[in-house]
Amino acid sequence: MLLDVDDLKKSYDGPSGPIEVLRGVSFALDSGQTLALTGESGSGKSTLLHLVGGLDEADAGTIRLGGAEVTGLNDHGRAALRRGSVGIVFQQFNLIPSLDVDANIAFQARLAGAADPDRIARLTDALGLAGQGAKYPEQLSGGQQQRVAIARTLAARPRLVLADEPTGNLDEATASEVLDQMLELVAETGAALMMVTHSPGLAARMNRQLRLSAGLLQ
Amino acid sequence: MTRACLQALFSHWWRNPLQLFTLLAGLGLATALWSGVQAVNSEARSSYDAAAATLGEARFDQLVPRAGDTIPQQTFVALRRAGWKVAPVLSGTMTANGIRVRIVGIDPLTAPGGIGPQALETGTDPAAFLSQPVLFANPEVADPLAGAVPDRVVPDKGVAPGTALTDIGVAQRLLERPGELSRLIIVPRQPMGRPPLDRIAPDLLRRPAQGGSDVRRLTDSFHLNLSAFGLLSFAVGIFIVHGAIGLAFEQRRAMVRTLRALGMPLRRLVILMAAELLMLALVAGAIGVLLGYAVAAALLPDVAATLEGLYGAQVSGALQLRPAWWLSGLGIAMAGTVLAGAGALWRIARMPILHSAGARAWSMTSRRWRRVQAVAAVALFLAAGILARHGDGLVPGFGLLACLLLGAALALPLLLDPLLDVGMRRTRGVVSEWFWADTRQQLPGLSLSLMALLLAMAANVGVSTMVSSFRLTFEGFLDQRLASELYVTAEDKAQAEELQAFVASRVRAVLPLLSVETRLAGVAADLYGARVGPTYSENWKFLDSRKPVWPHVAAGEAVIVNEQLARRAGLTIGEHLDVGQGVRLPIAGIVGDYGNPVGQAVIGEALFRKLFPEIRATRFGLRSNDPEALRAALIRELGLPPGAIVDQARIKAFSMRVFERTFTVTAALNVLTLAVAGFAMLMSLLTLAGMRVPQLAPAWALGLTRRTLGRLELLRAMLLAALTMAMALPLGLALAWVLLAIVNVEAFGWRLPMYLFPSDYAVLGVCALAAATLAAAWPAWRLSRTPPSDLLKVFSNER
């Protein structure tokens, strides 16, 4: 099993005491599988994604990725996890505005020490970004920016791809096109994909669907 | 990983060259002004040290005459015969091709080691020094001297500025003082059993080694003043750097979050950002040191003239590149960057990875920060109050200035904000309401440059008030003191006698200028003997006195002291002062004595002659109803050279020239500081211009033209500058008060009355508005030319 989440809990401080966002979430995900995480706003979807991706620390429970426990890692260990094993695609793209497209795509792979020019070139072509390499993010449309973000994530060959509403900022046609490309490329690498989405249509295209409600899986 | 991260960090500067320029230019300018001033100081100090080393004042005890400035050569011979190991020195000035050169004569055979020209120590045969007359001269005066003396002149960098060293015989010949010496250096190891000094040479006084030169100590306060200005300029520059770093870090918050999300460890990221800043600081520091060298080279001639006019200190007019100086320039650039960037780095280090990286005003927006700022401002004002009340000395004086200026700078945005709020509430019309609200929104972003403008304007108001008050007081003081119509200098005592006899029936009064250098109440001072008459009693104004002053002084029953001596020795009216040989007189008056760094006391002529019978006046003030006729008679009938007669107007003009040059440096630094503040504003407006588009696009979409928006941007800069000026005025006046009532008293020993100069302030206000308009013109022009497509992007859902 690639990802094993067990009894995960997380709460935040609120104005009138702690707010329990996750109240004991457990699930597993194998390599090559795709999983849609749905739920209402505030149900804890993004929090769960952040915990799995090592962006935040859980209060209780365990997360194992490839047999190694993620929840016990310190800041340095979690940074190494994000660099090497996990790739995250954000709704807001989060490209580095001062780097051009080519540099942005190669960036995470270089951080991980796994930059492969051939793979980057293949990804660039596959995502329709050929000829855009010298442009800066601000010169691209939203769809193009998200394609760059996907290419950046996949160029580093992560074992687990986490996507937080990756098409939330795109129009319907572009969203569908981008998702197709992402699913195809993830499938090629054999990585697992866990995607947070509000869209039932997009969720239906995943192998599995989990729904979060009030911090619990239904 | 490090390379990729550095590439990402540097790419920000590559894409934002204006921000990089602001950072480098701000830090470069700050370093330039600071290191320029330090270069001037270090050059001056090394000149003092060279002079002290040349003359042996720092390391060896010396014998000096109790009165006058001459020791007969026989006294030296008598001391040597009695077993005293002493070395003679004669010093005096001569004019060589229009340039004043100080000639110092020594005897290389008896002088202790380390005294004399470097060339002599590094291999030149001392016999040659004696047998073939040679002068070792500072390179600046070597050429003019070579053309004026028959002897060989060798340039030597080790000799003090404006000075030439030679054998004592040559010096006596060149100075036309045969058989005369100025001082005797006491060699450290003396034979046992030699007779006591007062038996062989009772007219000589043993002066202990100074451990540093007198001039160095005397000019310390002047250099501290310069340093304070340098520091103020540096502080203004650091405001720019702080702004640039704050903005750069704020704009990179999203990048930092992304880098961390992609797996960059926080610690390494912070270290790399700090290294990046220090690297930029090194580049800016190097630029600043080069600019500082240019600033110093431009200022040094005026500083040299000031130091010579005020203290008689010779300072080289040529600048040398000293490693300690440029290293300290780079050091302060690094320190300034650390100071300006530490807060931004700290915030990055503490920023949670999931923290919103969305747009936020890049400084001082949070209520918490405003509270901290208010508390800090109040604390600084309180500290200023405590220092004003209880501080003692020059350093607390400058501490008070720093607290006042920093407190006011921190308080500025907190005061401007409610003012803009009032403007918003009082205004009518949708555009003007939007204008006031938008100006208020811009305040955090412009705060740092407005603080810099406040400091620069307050410094200008304060310093110009001080200088103008000083000028008024000084002119009044010259009118009091330079009452005689003519001042005449006789060549020797015989000519002085002849002169007195000649003018006796031609003038209303002859006022001999009798004086002796001595120590009074433990302080180095000049003691004067005054021929009391109407000239003194009608013209001299006292700061404090017990009347009648002059009859008691004339009768040898009282003494007058100047303010410097009174303050340094803690003397008050009625206290007794030992004026020499155990004669103690009550102090009857304290007089202001501006422009003179040393203490002074005045006693009646009769008592002076009794105490110092060997002193004969060779300079005289002459009161005449027809000074022109008297001058002509003195030249024609008595044969005095025209140069020996100076009229009152020329002395006043000369004194005012010295005064004006004294403050040339201050004025130059003032202008530079204001220019740096203008630059800060320009850079703030330019860097903010990019962030303004999303704020202005809605106003444009609702019907305001781009041209109107540009005009309003210009108006906004002028409004903020005007409000800042309104606050700079009281702050500047407070600064002037501190300078006049505290810093001047500590630095120079006199307190000046404070006058106000409204027209000067009005001119400064116009200059500040002009600077703000100029600074805002380009960003406003750029804004008025923003392509509609850029404004439309703001409304694009896809972005």
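The sections below set out a description of the structure shown in this document. Predicted model only: the values in this text are computed from it and were never measured. (Residues numbered from 1 in each chain as written. Chains lettered and ligands numbered in written order. Predicted model: local features only at pLDDT ≥ 70, side-chain atom pairs only at ≥ 80, totals over all residues. Heavy atoms only, no water.)

### Quick look at the overall build of chain B
- On a plain count of helices and strands, chain B comes out with 26 helices and 21 strands.
- For chain B, the residues scored as buried account for 53% of the 799 residues in total.
- Within chain B, residue pairs in contact and separated by at least 24 positions form 80% of the contacts whose partners lie at least 6 positions apart.
- When the accessible surface of chain B is totalled, it reaches about 34700 Å², and 60% of it is carbon and sulfur. (Helix = DSSP H or I, 4+ residues; strand = E, 2+ residues; numbered from the N terminus. Buried < 20%, exposed > 50% of the residue type's maximum accessible area, 1.4 Å probe, protein only. Contact = heavy atoms within 4.5 Å. Areas by Shrake-Rupley, 256 points an atom, 1.4 Å probe, with all protein chains shown as cover.)

### Points about the pairing of strand E13 (residues 514-520) of chain B
All names here are of chain B.
- Where E13 meets strand E14 (residues 523-530), seven bridges bridge the pair, whose relative direction is antiparallel. Counted as the bridge partner of Glu517 is Asp526 from E14.
- Counting the residues in the hairpin turn of E13 and E14 gives two residues, including Ala521, whose phi is positive at 50 degrees. (Pairing = 2+ DSSP bridges.)

### Let's talk about the packing of aromatic side chains
- Across all of its chains, the model carries six aromatic pairs over all chains by this definition.
- Geometrically, the ring pair formed by Phe435 of chain B and Trp436 of chain B is edge-to-face, given 6.2 Å between the ring centres and 80 degrees between the ring planes.
- The buried category is assigned to Phe435 of chain B, whose relative accessible area is 7%.
- For the ring pair Tyr536 of chain B and Trp540 of chain B, a centre distance of 5.5 Å and an interplane angle of 65 degrees mean the geometry is edge-to-face. Each member of the pair, Tyr536 of chain B together with Trp540 of chain B, is buried.
- Taken together, the ring pairs connect Tyr536, Trp540, Phe542 and Trp550 of chain B into an aromatic cluster.
- Directly above the aromatic system of Tyr136 of chain A lies the positively charged group of Arg15 of chain B, at a separation of 3.5 Å from the ring centroid.
- Over the ring of Trp778 of chain B we find Arg782 of chain B, and its NZ or CZ is 5.6 Å from the ring centre. (Phe/Tyr/Trp six-rings, centres within 6.5 Å; stacked < 30°, edge-to-face > 60°. Lys NZ or Arg CZ within 6 Å of the ring centre and 35° of its normal.)

### Section: the nonpolar core
- With 83 residues, the main nonpolar core has Leu450 and Met681 of chain B as its most contacted residues.
- Contributions of two or more residues to this core are made by helix H2 (17-55), helix H9 (214-251), helix H14 (394-426), helix H15 (430-481), helix H23 (664-701), helix H24 (706-748) and helix H25 (758-784) of chain B.
- Sorting elements by how many residues they give to this core places H15 of chain B first, with 23 residues.
- In this structure, Leu111 of chain A together with Met255, Val256 and Leu259 of chain B belong to the second largest nonpolar core, which totals 43 residues. (Core = buried A, V, L, I, M, F, W, Y, C linked by side-chain atoms within 4.5 Å.)

### Focus: the side chain of Glu165 of chain A
Residue and element names in this part refer to chain A.
- Within the fold, Glu165 resides in the loop between strand E7 (160-164) and helix H6 (172-189).
- Despite being buried, Glu165 has no salt bridge partner; Lys45 is the closest side chain of opposite charge, sitting 5.1 Å away.
- Polar side-chain contacts of Glu165 include one of 3.3 Å to the side chain of His198.
- Contacts of Glu165, omitting those with residues within four sequence positions, involve Gln91, Val196, Thr197 and His198. (Lys, Arg positive; Asp, Glu negative; His and termini not counted. Salt bridge = Lys/Arg side-chain N within 4 Å of Asp/Glu carboxyl O. Polar contact = N/O pair within 3.5 Å; in protein donor to acceptor, adjacent residues only side chain to side chain.)

### Brief notes about the sheet that holds strand E1 (residues 3-14) of chain A
Residues and elements named next belong to chain A.
- Reading across from one edge, E2-E1-E4-E5 is the order of the four strands in this open sheet, with antiparallel pairing throughout. Looking at the sheet topology across the chains shown, the edges are occupied by strand E2 (17-29) and strand E5 (68-69).
- For E1 and E2, the ladder comprises 10 bridges, and the chain directions are antiparallel. Residue pairing across strands places Gly14 opposite Gly17, the latter belonging to E2.
- The sheet strands contacting helix H1 (residues 45-52) are E1, E2 and strand E4 (60-65), and the helix crosses E1 at an angle near 120 degrees. (Axes fitted to C-alpha atoms, helices over the stretch in contact; angles between N-to-C directions.)

### Quick notes on the pattern of salt bridges
All names here are of chain B.
- If you walk through the whole model with that rule in mind, you get 24 salt bridges over all chains.
- Here Asp438 ties to Arg716 by a salt bridge, and the two come within 3.1 Å at their closest N and O atoms. Residue Asp438 is located in helix H15, and its partner Arg716 is located in helix H24; the two are separated by 278 residues in the primary sequence.
- Here Arg716 falls in the buried class, since its relative accessible area comes to 3%.
- Several salt bridges share partner residues, and in doing so they unite Arg370, Asp417, Asp421, Arg425 and Arg440 into one network.

### Let's talk about the environment of Val676 of chain B
All names here are of chain B.
- Residue placement: Val676 occurs in helix H23.
- When the C-alpha atoms of Val676 and Ile240 are compared, they prove to be 8.7 Å apart, with 436 residues separating the residues in sequence.
- Every residue in contact with Val676, bar those within four places of it in the chain, is listed here: Leu29, Leu33, Val236, Gly237 and Ile240.

### Notes on the sheet that holds strand E9 (residues 208-213) of chain A
- Spatially, E6-E7-E8-E3-E9-E10 (chain A) is the arrangement adopted by the six strands of the open sheet, whose pairing is mixed. A strand with exactly one partner marks an edge of an open sheet, and here the two such strands are strand E6 (86-89) and strand E10 (216-217) of chain A.

### Some points on the pairing of strand E16 (residues 559-562) of chain B
Residues and elements named next belong to chain B.
- Alternating residues of E16 divide into Val559 and Val561 and Ile560 and Asn562, and every residue in both groups is buried.
- Summarising the sheet, E16 and strand E18 (residues 583-591) pair through four bridges and their orientation is parallel. From the neighbouring strand, Asn562 faces E18, where its bridge partner is Val591.
- When E16 meets strand E19 (residues 599-604), the two strands line up antiparallel, connected through two bridges. Note that in E19 the partner of Val561 across the bridge is Ala601.

### Concerning the interface of chain B and chain A
- In this assembly, 25 residues from chain B lie in contact with 31 residues from chain A.
- Summed over both sides, the interface of chain B with chain A buries roughly 2500 Å², with 55% coming from carbon and sulfur.
- Where chain B packs against chain A, one counts one salt bridge.
- With its nearest N and O atoms 3.1 Å apart, the salt bridge here joins Arg15 of chain B to Glu138 of chain A.
- Counting only elements with at least two residues in the side of chain B that touches chain A, the list comes to helix H1 (2-15) and helix H10 (253-261) of chain B.
- Of the residues forming the side of chain B that touches chain A, the biggest block, nine residues, is contributed by H1 of chain B.
- Residue composition of the side of chain B that touches chain A, by class: 14 nonpolar, five polar and six charged. (Buried area = accessible area lost by both parts, 1.4 Å probe. Nonpolar A, V, L, I, M, F, W, Y, C, P; charged D, E, K, R; others polar.)

### Here's the deal with unusual backbone geometry
- Going from Lys547 of chain B to Pro548 of chain B, the amide bond is cis rather than trans, its omega being -5 degrees.
- One non-glycine residue, Asn94 of chain A, lies in positive phi territory at about 50 degrees.
- Mapped onto the elements of the fold, Asn94 of chain A is located in the loop between E6 and helix H3 (101-111).
- If you check the backbone angles, Glu176 of chain B has positive phi at about 55 degrees while not being a glycine.
- Among the structural elements, Glu176 of chain B can be located in the loop between helix H7 (168-174) and strand E8 (180-181).
- The class for Glu176 of chain B is exposed, based on a relative accessible area of 67%.

### Comments concerning helix H2 (residues 75-84) of chain A
- Of the positions making up H2 of chain A, those classed as buried are Gly77, Arg78, Ala79, Leu81, Arg82 and Arg83 of chain A.
- Residues of H2 of chain A that are buried make contact with H1, E4, E6 and H3 of chain A together with H10 of chain B.
- Put simply, Asn74 of chain A is the residue that caps the front of H2 of chain A, since its side-chain oxygen is 3.2 Å from the backbone nitrogen of His76 of chain A.

### Some details on a nonpolar patch on the surface
- Taken together, the side chains of Val283, Ile287 and Leu291 of chain B present a nonpolar region at the surface, about 230 Å² in accessible area.
- The class for Ile287 of chain B is partly exposed, based on a relative accessible area of 38%. (Patch = residues over 30% accessible without salt bridge, like charges linked within 9 Å, V, L, I, M, F, W, Y side chains within 5 Å.)

### Quick word on the environment of Val153 of chain B
Residues and elements named next belong to chain B.
- Along the chain, Val153 turns up in strand E6 (residues 152-155).
- It is 9.4 Å that separates the C-alpha atoms of Val153 and Thr166, two residues lying 13 residues apart in sequence.
- Residues in contact with Val153, not counting those within four places in the same chain, are Leu135, Ala137, Ala142, Leu145 and Ala146.

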